[in-house]
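# Breakdown of the fold
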Amino acid sequence: MSGRSGKHDPALTVRRILKVNHAGEFGAIRIYGAQIWMARRLFPDIVPALQEMREDEIDHCRLFREAMPARNAKPCRVMAFWSLGGFLLGSLTALGGRNMIWICTEAVESTVHRHLEDQLAFLQTRDPELHKLIASIQEQELAHLQEAEKNQTSHGLGHRLLLPIIGFLTDLMIWLSTWGDSSWMRAEMAISKPA
């Protein structure tokens, strides 16, 4: 959004989408990296699933980075926060046990899925190539969400407390990294959806 003129620049929003998606994938790599490190010592049976999801995130991060130059986009300036936040979130949830790891994955992937839906609606006519890329990535992110839901042993107090907290923190990082564009995109898409 161009704050002074009050008008939204679609090209700027596309750049911010790439920036935040790239940063988010980097954060996810750090979450899984910390969880894998802890899980190797505490519950090695889930390491292969975590490694597979981490490999997907590494690939997604690369794809978003490769899409940047053609759209004059640059990596997020707060990558260090994504890195530190991902590492801390991964470490703390792994210390809470295997169920906490899956709750973390569910919370992050649920939030990401919602944002990707908004992005796909926004990009459909504005950048079909990026739309196609995000749609293919979304399939893998949904598979991560389903894996997390399948592997949870309970939906107790930890689930009820952590899910909204992690979701809020993920939303906050996305909002900060897009300078608020994530909010107006959601509002714009809600207005343009058929009744």
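This structure is a prediction, so every number in the text was calculated from the model and none was measured.

How each quantity is defined
- Sequence order sets the numbering: in each chain, residues are counted from 1 along the sequence as written.
- Thresholds applied to this predicted model are a pLDDT of at least 70 for local features of residues and 80 or more for the giving and counting of side-chain atom pairs; totals over whole chains, interfaces and linings are not thresholded and use all residues.
- With hydrogens and water excluded, all non-hydrogen atoms of the structure serve as input to the side-chain values.
- A pocket, in this scheme, is an open set of points on a 1 Å grid over the protein atoms alone with protein on both sides within 12 Å along at least 5 of 7 lines, while a cavity is a set where a 1.4 Å probe fits but cannot get out; residues line either one if an atom lies within 4 Å of a point.
- Grid points are joined across faces, edges and corners, and a volume is the space filled by probe spheres set on the points.
- A run of H or I in DSSP becomes a helix once it reaches four residues, and a run of E becomes a strand once it reaches two; helices and strands are each numbered from the N terminus.
- Asp, Glu, Lys and Arg are counted as charged, while Ala, Val, Leu, Ile, Met, Phe, Trp, Tyr, Cys and Pro are counted as nonpolar; the rest, among them Gly, fall into the polar class.
- Within this document, salt bridges are pairs made up of a side-chain nitrogen of Lys or Arg and a carboxyl oxygen of Asp or Glu, the two lying within 4 Å of each other.
- When accessible area is computed with a 1.4 Å probe and restricted to protein chains, residues below 20% of their type maximum are described as buried, those above 50% as exposed, and intermediate ones as partly exposed.
- Fitting a line to C-alpha atoms yields each axis, with helices limited to the stretch in contact; the angle taken between N-to-C directions then spans 0 to 180 degrees.
- The cut-offs work like this: below 35 degrees is roughly parallel, past 145 is roughly antiparallel, 65 to 115 is roughly perpendicular, and the gaps in between are oblique.
- By convention, the crossing between two helices is left-handed when the near helix turns anticlockwise from the far helix through less than a right angle, and right-handed when the turn is clockwise.

Applying the stated criterion across every chain, the model contains one cavity of 30 Å³ or more. Roughly 50 Å³ of internal volume is contained in the largest cavity. Lining the largest cavity, in full, are Ala28, Ile31, Tyr32, Glu57, Cys104, Thr105, Val108 and Glu109. Residue assignment for the lining of the largest cavity shows that the elements contributing at least two residues are helix H1 (10–42) and helix H4 (98–123). Considering each element in turn, the lining of the largest cavity owes the most residues, four residues, to H4. Along the lines of polarity and charge, the residues of the lining of the largest cavity split into five nonpolar, one polar and two charged.

Here we take up the layout of surface pockets. Approximately 500 Å³ is the volume attributed to the largest pocket. If you go around the largest pocket, you meet 30 residues; those closest to its centre are Gly24, Trp82, Val108, Thr170 and Met173. Sorting the residues of the lining of the largest pocket by element identifies H1, helix H2 (47–67), helix H3 (79–95), H4, helix H5 (128–151) and helix H6 (157–177) as the ones contributing at least two each. When the residues that make up the lining of the largest pocket are grouped by side-chain class, the tally is 18 nonpolar, eight polar and four charged.

What follows concerns the pattern of salt bridges. Under the defined criterion, the tally for this structure stands at five salt bridges. One salt bridge connects aspartate 45 with arginine 98, and the closest N-O pair in it is separated by 2.6 Å. Taken together, the positions of aspartate 45 in the loop between H1 and H2 and arginine 98 in helix H4 put the pair 53 residues apart, joining distant regions of the chain. Residue aspartate 45 is classed as exposed on the basis of its relative accessible area of 54%. Close ionic contact of aspartate 59 with arginine 62 constitutes a salt bridge, the shortest N to O distance being 2.4 Å. Placement of both aspartate 59 and arginine 62 in helix H2 is noted, with a separation of three residues, approximately one turn of the helix.

Across the interface, H4 lies against H5 with an axial gap of 8 Å and an inter-helix angle of 155°. If you check the angle between H4 and H5, you find them roughly antiparallel. Taken as a pair, H4 and H5 cross one another with a handedness that is left-handed. In terms of residue class, the contact of H4 with H5 is made up of 11 nonpolar, nine polar and six charged.

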